[in-house]
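# Notes for the structure review
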Amino acid sequence: MEIKKLLSEMTLEEKASLVSGNDMWTTKTLERLNIPGIFMCDGPHGLRKLENDTEHVGMYDSIDAVCFPTACATASSFDRKLMNDLGVTLGKECQAVDVSTILGPAINIKRSPLCGRNFEYISEDPYLTGELATSYINGVQSQNVGTSLKHFAANSQETERMYADSIIDERTLREIYLSAFENAVKNSKPWTIMASYNRINGEYSSENDWLLNKLLRDEWGFDGVVMSDWGAVSKRPKGIASGLDLEMPGCRGLNDKLIIEAVNNGELPMEKLDTAVENILKWIEKFIEHRHKETFDRDKDHIAAVRAEEECIVLLKNENNTLPLSSSEKIALIGGFAANPRYQGGGSSHINAHNVVSAVSVKDNYSDKITYSQGFSHEEDVTDEALFEEACKAASEADKIVVFAGLPDVFESEGYDRKHMGLPDSQNKLIEKLLGLCKPVIVVLHNGSPVEMPWADKVNAIVEAYLGGEGVGEAAMNILYGNVNPSGKLAETFPLKLEHNPSYLNFPVANHKVFYGEGVFVGYRYYDTKKMDVLFPFGYGLSYTTFEYSNLNVSSTMDINETTTVTVDITNTGSIAGKEIVQLYISDNTDSTNRPVHELKGFEKVSLEPGETKTVSFILDKRSFAWYSTRLKDWFAANGSYTIEIGKSSRDIQLTAEIKITGSIQIPPVIDQDVQLGELLAYDKTREYTEKAFEHSATQFSDGDSDDDAPEMTRAMLEYMPIRTLRSFAGLSNESISEILSELRKLV
Ligand code: BGC
């Protein structure tokens, strides 16, 4: 494709037409110019290609495809390679069925357990989210298929998602809600990015010049296509000027007219439209010029889906080694989800799954001593005494009871948020009844987001399977019977109750605004800083073996412009092979601003044979230590002391060491009449001058009182006084204040 030439040959009408979709899922074909339309489809955990009817959203009519574990599950793998492999497989599937771009990954931060779409999102932590998204995108795009990183940005609830205004301060935006996007854009160059439905600080994302032009393109260097979320466009010409290249789905020509009018009357510069067209042409070219033949081997990919889920399941509790089960034990499987697992969520990511495997359908492969009784429905919350009775009878004849519990489809989905954090009452009731039998009870969970577990202290084991894709039944049985040693860890905190969540007072919306009042204190950043009890902490998960941490090696200093390498040894001290997710957190001791008590800045998943030791290394750079200073408009880490923590979870830190950052700057105070004396005294370059200049004022202010505490008290009070107030309290004239300010300006 000769893009510049094509652009020069296109009429205004053709340009206006190319910047919106042809229908729900394809771009326009312009026959006169030989420009083909290309297909895109939802995912991200499988292909939702609407082959025969591209005019409709078609939630449940897509092609037969493999449903891999959803993001809430894959996140728990903490495994970059697994995400990359998943991406490669999906990329090949796309080539096989002629899909140019997968609409994902979805990486909005999990701010509240109630967000209906949490099952599609990765984590409450932006570093983990960014790393896993980057690996996934690199995998897909290695197959010359694009991704659409979504939903950009600050779309962490479903309520009023197409209208609400996310009110967020810039530091919080940068540190929590944008940094995963930044990581993925810089390190995996997604072909496209999807602008979210909502507004951010008053401006819709799909017409937000700051977000799309200044930040995404100018600052981060994004050079792909920005498309709208489906139906997110409000003012189309403004969107083009603000960096939104493609409107999806098609607009039946309605916006073409507005674009043409805006160009003709000078409201929309032609260059802006040309940029959008050029970006779209480059994207089409990338796909069509590198097509290669692939076959979509669904049975082979199904096996990959099972293996992936085995890496994701999190063992949350295992009292007295209740698990693994043995084939000689009599086991009662109970709960509708054992026969009908919930393996994905509702909405646009819904895959028409190829081969759903339930625990019940494979039970005979594990033992001939397994029974099944439904106990409760997997679809609704109804207490059925007859089903309860039948379940209790089967349970009373077993050695151990395994309850497959979870959230029915209607409880969590795209399009609306959950109302509460509970499981259906009928399930909690049956679990309590089964506990009355005084036999070991194991609960396997199918949910896309944390649930309250009123019985957590009483059951013997808990297995979090999340929404684990079409192979979840087999993967869960492999974990239960110990064919696979569990190795997933939670990518989100499970609070004891909803009211403990930091967004609780502001979730979901008030007067059409979403007030991100908890700031950077999201998830464990809040619970850990406040030292609150939680049900299960971030990064937590058990194994059937044990690991020991030793030999933490951290250099004593790091120049902020360099990097440093941290190493630590991990040993498998048990008798079976296993995998450990080693986590590195950093705690800032410099007091340079209000920060969470620690933040995840590194993780590695290591596989160890019994008795084996491996050294894990982490490379840290400025960004690992930094917070976002709106004063500097840059990332900043103060000189001084930080603690490197190596942990099994955010609450189980095994080893720590101190490191000193050197070579950084100090944030200069803004020199105007409102500058506080304390700021001038804290800043090296103004301290000496300030002490001299205000010596006299201090005595004036204290009025020569002879009380012993007076000098200290005076100084403490002066700290927070803007220098303009010394007119009133220390008799300074306007002239002397102006003089002092001009001297200070020379020093900064
Ligand atoms: C969702 C997107 C999805 C699109 C197309 C929207 O409603 O928010 O995530 O990709 O529909 O189905």
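Our subject is the structure listed above.
Rules used throughout
- Residues numbered from 1 in each chain as written.
- Predicted model: local features only at pLDDT ≥ 70, side-chain atom pairs only at ≥ 80, totals over all residues.
- Heavy atoms only, no water.
- Helix = DSSP H or I, 4+ residues; strand = E, 2+ residues; numbered from the N terminus.
- Buried < 20%, exposed > 50% of the residue type's maximum accessible area, 1.4 Å probe, protein only.
- Contact = heavy atoms within 4.5 Å.
- Near = heavy atom within 4 Å.
- Polar contact = N/O pair within 3.5 Å; in protein donor to acceptor, adjacent residues only side chain to side chain.
- Nonpolar A, V, L, I, M, F, W, Y, C, P; charged D, E, K, R; others polar.
- Expected span 1.5 Å × (residues − 1).
- Pairing = 2+ DSSP bridges.
- Axes fitted to C-alpha atoms, helices over the stretch in contact; angles between N-to-C directions.
- Phe/Tyr/Trp six-rings, centres within 6.5 Å; stacked < 30°, edge-to-face > 60°.

## Some remarks on the environment of V19
Turning to its location among the elements, V19 is positioned in the loop between α2 (12-18) and β1 (40-42). The exposure class assigned to V19 is buried, which follows from its relative accessible area of 1%. Between the C-alpha atom of V19 and that of I240, which follows or precedes it by 221 residues, the distance is 8.8 Å. Once residues lying within four places of it in the same chain are set aside, the contact partners of V19 are R236, I240, D245, L246, E247, I259, L273, A276, V277 and I280.

## Quick word on the site of the ligand
Taken together, the neighbourhood of the ligand is formed by 14 residues, with D42, R117, H151, Y197 and D229 sitting nearest. At a separation of 2.7 Å, an oxygen atom of the ligand approaches a polar side-chain atom of R117. Y197 is positioned with one of its side-chain polar atoms (N or O) 2.8 Å from an oxygen atom of the ligand. Classifying every residue of the shell around the ligand gives five nonpolar, two polar and seven charged.

## Quick word on helix α7 (residues 209-219)
An α-helical turn contains 3.6 residues, so any two residues separated by three or four positions project in the same direction. Where α7 is concerned, the buried positions are L211, L212, N213, L215, L216 and R217. Just downstream of α7, G221 is the residue with a positive phi angle, here 80°.

## A word on helix α4 (residues 80-97)
Under the 1.5 Å per step criterion, the end-to-end length of α4 is 26 Å for 18 residues, consistent within 8% with the ideal 26 Å. Every buried residue belonging to α4 is among L82, M83, L86, G87, V88, T89, L90, G91, E93, C94, Q95 and V97, and all of these are buried. For α4, the elements touching its buried residues are α3 (71-74), β3 (101-103), α5 (126-141), α10 (270-288) and α11 (298-312). N-capping of α4 is provided by D79, with a side-chain oxygen placed 3.0 Å from the backbone N of K81. Once α4 ends, the next one or two residues include D98, with phi positive near 65°.

## Some details on the sheet that holds strand β15 (residues 441-446)
If you trace the six strands from one edge of the open sheet to the other, you get β10-β16-β15-β14-β11-β13, paired in mixed fashion. Looking along the sheet, the strands with just one partner apiece sit at the ends: β10 (314-318) and β13 (370-373). On average, each strand axis in the sheet is inclined to that of its neighbour by 15°, with strand direction left out of account. Strand direction decides the pairing type here: β10 and strand β16 (residues 461-464), joined by four bridges, are antiparallel. Bridge assignment links V314 to a residue of β16, and that residue is E464. Seen against the sheet, helix α15 (residues 425-435) touches β11 (331-334), β14 (400-406) and β15 and runs at an angle of roughly 170° to β14.

## What to know about the packing of aromatic side chains
With the rule as written, the count across this model stands at 16 aromatic pairs. Between F78 and F603, the ring centres sit 5.6 Å apart and the planes meet at 90°, which makes this aromatic pair edge-to-face. Here F603 lies in strand β22 (residues 599-608) and F78 lies in the loop between α3 and α4, a separation of 525 residues in the sequence. When the centroid spacing of 6.0 Å and the interplanar angle of 55° are considered together, the rings of F152 and W220 count as tilted. In this pair, F152 is assigned in strand β4 (residues 146-152) and W220 in the loop between α7 and β9 (225-228), connecting sequence segments 68 residues apart. On the accessibility criterion, F152 (0% relative accessible area) is buried.

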